[in-house]
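Chains, contacts and geometry: an overview
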Amino acid sequence: MSLLADVAAHALDEGYYEAARRRGISPPGAAQRPAIGRFSATIAAVVLAAAGVLFATSWVTTRQNAAAAARDRAALLRSIESQSAVVDALRSRANDLRAEIASARDAALSTSTQGAALRAELDRLSLLTGATPVAGPGAEVTLADAPRTGDERTDALGTVYDRDLQAVVNALFASGAEAIAVGGQRLTATTAIRQAGSAILVDYRAIAAPYRIDAVGPPDLAARFLATQTAALYQTWQQVYGLRFTVTARSRLTLPAAGTIVIHYAQVLSRPGGS
Amino acid sequence: MIPALALAIGIVVGLIAHPSVPAGLQPYLPIAVIAALDAVFGAVRAMLDGLFDDRVFVVSFIANVLVAALIVFLGDQLGVGSEMSTGVVVVLSIRIFSNAAAIRRHVFRA
């Protein structure tokens, strides 16, 4: 690399050699007096001082930038943690209040026959909409990714996506399920199962593998589900790609409540003929 | 001694005052620093070789800094800014290393 050798050989500015030649000294003469005139000495000193200022400024600027970046990151982390804590506290408070309201309402309604009928209707509707916990026989279906092999293509084929959970949920409803919870999240009329990047979100909450789908329905729900095309498909994929798929019948499953459903646009239609 | 003193005074002034660099010039600060280092190392070596000339030092310092910044600025305009910057840093670093080696030979042999 003659270019690099050239750079290294001419590391000292040629100007020094030429100035020395002009003054009649043959380089390198270690014991010569350096040529420093009075005026140029001042300028050289000023230039050196400027170099010092440059070095110091650069160092200070770099440290300030690094410190600022670290401060911003720490502030963001603190903000995330505190806001998450606030959200968790509010959520548990909302659950407590909901339970309080439910018990107060039940107590108020049980004081009259009309109230008792209303309460029965309310309980039935709450069960259907997912507003109360529910228990009963049913089936438990578990899906999980195939073990990683390292080959990208086969790994992608063995990964569980939102459409897999959606297909299983649909097949369970078709088999007679009356209430379903995915990953501990109760499904309601407004619950979506969707993919966000590599995570599956149920009702905007991320759930982790293995994905557990609990369905309350007829006691033979598991058998009915296994007879569907969807179950056959997933059993095939279990054999071909190693996707993990298990179906278990359960004599008693408990599904949690979904929390309040907020309705913005849907309105109750007044029934013709009153009532 | 006076040059070393001038450098030290400059550093102290820079630390105390710390002038804020205008945002437009901030990307060229590292290149200017390396070019300045190259000129200073060259001056020290010239001093030890008995070749020092203060006029040459002043001119080489200013020219080094300006040319390095200009090359990187030109590179930025043409879209090769980071590559130009790398090239300038490589060349100046080789020069700094060579001058430092010569200084080391002077200090530890003669």
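Structure's up top.
Here's a quick rundown of the structure. (Residues numbered from 1 in each chain as written. Chains lettered and ligands numbered in written order. Predicted model: local features only at pLDDT ≥ 70, side-chain atom pairs only at ≥ 80, totals over all residues.)

Topic: the overall build of chain A
Note the cut-off: Strands are runs of DSSP state E lasting at least two residues, helices are runs of H or I lasting at least four, and both sets are numbered from the N terminus onward. Here exposure depends only on C-beta density: within 10 Å of a residue's C-beta, 20 or more other C-beta atoms make it buried, 12 or fewer make it exposed, and intermediate numbers make it partly exposed, the C-beta atoms being placed from the backbone. A residue pair is marked as a contact if its C-beta atoms, positioned from the backbone, fall within 7 Å.
Looking only at helices and strands, chain A features 8 helices and 8 strands. The 275 residues of chain A split such that 23% are buried. Taking as baseline every contact in chain A between residues at least 6 positions apart, the subset at least 24 positions apart corresponds to 71%.

Observations concerning the overall build of chain B
Within chain B, the secondary structure is distributed over 4 helices and 0 strands. Ordered by position from the N terminus, the helices and strands of chain B form the series α-α-α-α. Sequence-distant contacts in chain B: of pairs separated by 6 or more residues, those separated by 24 or more amount to 66%.

Concerning the interface of chain B and chain A
Every contact between the two is made by 43 residues of chain B and, on the other side, 40 residues of chain A. For the side of chain B that touches chain A, the elements supplying multiple residues, two or more each, are helix 1 (2-17), helix 2 (29-49), helix 3 (54-78) and helix 4 (81-109) of chain B.

Looking at the sheet that holds strand 1 (residues 134-144) of chain A
All names here are of chain A. Our working definition: Note: two strands are recorded as paired if DSSP finds a minimum of 2 bridges between them. Angles here are taken between N-to-C directions and fall from 0 to 180 degrees, while the axes themselves are lines fitted to C-alpha atoms, restricted in helices to the stretch in contact.
Pairing within the open sheet is antiparallel, and its 5 strands lie in the order 3-2-7-1-8. Looking at the sheet topology across the chains shown, the edges are occupied by strand 3 (185-186) and strand 8 (244-255). Taken together, the 10 bridges between strand 1 and strand 8 define a ladder with antiparallel strand orientation. Across the sheet, Glu140 pairs through a bridge with Thr248, a residue of strand 8. Most of the contacts of helix 6 (residues 162-174) go to strand 7 (residues 211-216), to which it runs at about 15°, and overall it touches strand 1, strand 2 (179-182) and strand 7.

So, the nonpolar core
Put simply, the test is: Residues of type Ala, Val, Leu, Ile, Met, Phe, Trp, Tyr and Cys that are buried and joined through C-beta atoms within 7 Å form what is called a nonpolar core.
In this structure, Tyr16 and Ala51 of chain A together with Ala32, Ala35 and Ala36 of chain B are the most contacted members of the largest nonpolar core, which totals 39 residues. Counting residues per element, the ones that place at least two in this core are helix 2 (14-23) and helix 3 (38-109) of chain A together with helix 1, helix 2, helix 3 and helix 4 of chain B. Not counting residues up to four positions away in its chain, the partners in contact with Ala51 of chain A are Leu7, Gly10, Ala36, Val40 and Phe61 of chain B. With 30 residues, the next largest nonpolar core counts Ala139, Val169, Leu187 and Ala215 of chain A among its residues.

Some words on the environment of Leu109 of chain A
Residues and elements named next belong to chain A. Take Leu109: it is sitting in helix 3. Measuring from C-alpha to C-alpha, the distance between Leu109 and Ala120 comes to 9.7 Å, with 11 residues separating the pair along the chain. Excluding residues within four positions of it along the chain, Leu109 makes contact with Gly115, Ala116, Leu118 and Arg119.

Concerning the pairing of strand 1 of chain A
Across 6 bridges, strand 1 of chain A lies against strand 7 of chain A in antiparallel orientation. Bridge pairing in strand 7 of chain A links Leu143 of chain A to Tyr211 of chain A.

A word on the packing of helix 3 of chain A against helix 3 of chain B
Applicable threshold: Each crossing is labelled by how the near helix is turned from the far one, with a counterclockwise turn of less than a right angle marking it left-handed and a clockwise turn marking it right-handed.
It is the contact of helix 3 of chain A with helix 3 of chain B, at a shortest axis distance of 9 Å, that shows an interaxial angle of 35°. The interaxial crossing formed by helix 3 of chain A with helix 3 of chain B has left-handed handedness. Contact with helix 3 of chain A, carried on its side by Ser40, Ala41, Ile43, Ala44, Val47 and Ala51 of chain A, involves Asp54, Arg55, Phe57, Val58 and Phe61 of chain B of helix 3 of chain B and no other residues of that element.

Thoughts on the sheet that holds strand 5 (residues 199-202) of chain A
All names here are of chain A. Within the open sheet, the 3 strands sit side by side as 4-5-6. Their pairing is antiparallel. Edge positions in the sheet fall to strand 4 (193-196) and strand 6 (205-207), since each of these pairs with one other strand and no more. Neighbour-to-neighbour, the strand axes of the sheet open up by a mean angle of 40°, direction not taken into account. In this structure, strand 4 lies alongside strand 5, joined through 4 bridges in antiparallel fashion. When the bridges of strand 5 are listed, Ala196 appears paired with Ala199. Against the sheet, helix 6 makes contact with strand 4 and strand 5, and its axis sits at roughly 170° relative to strand 4, the strand it touches most.

Function-wise, these values are silent; they only describe arrangement.
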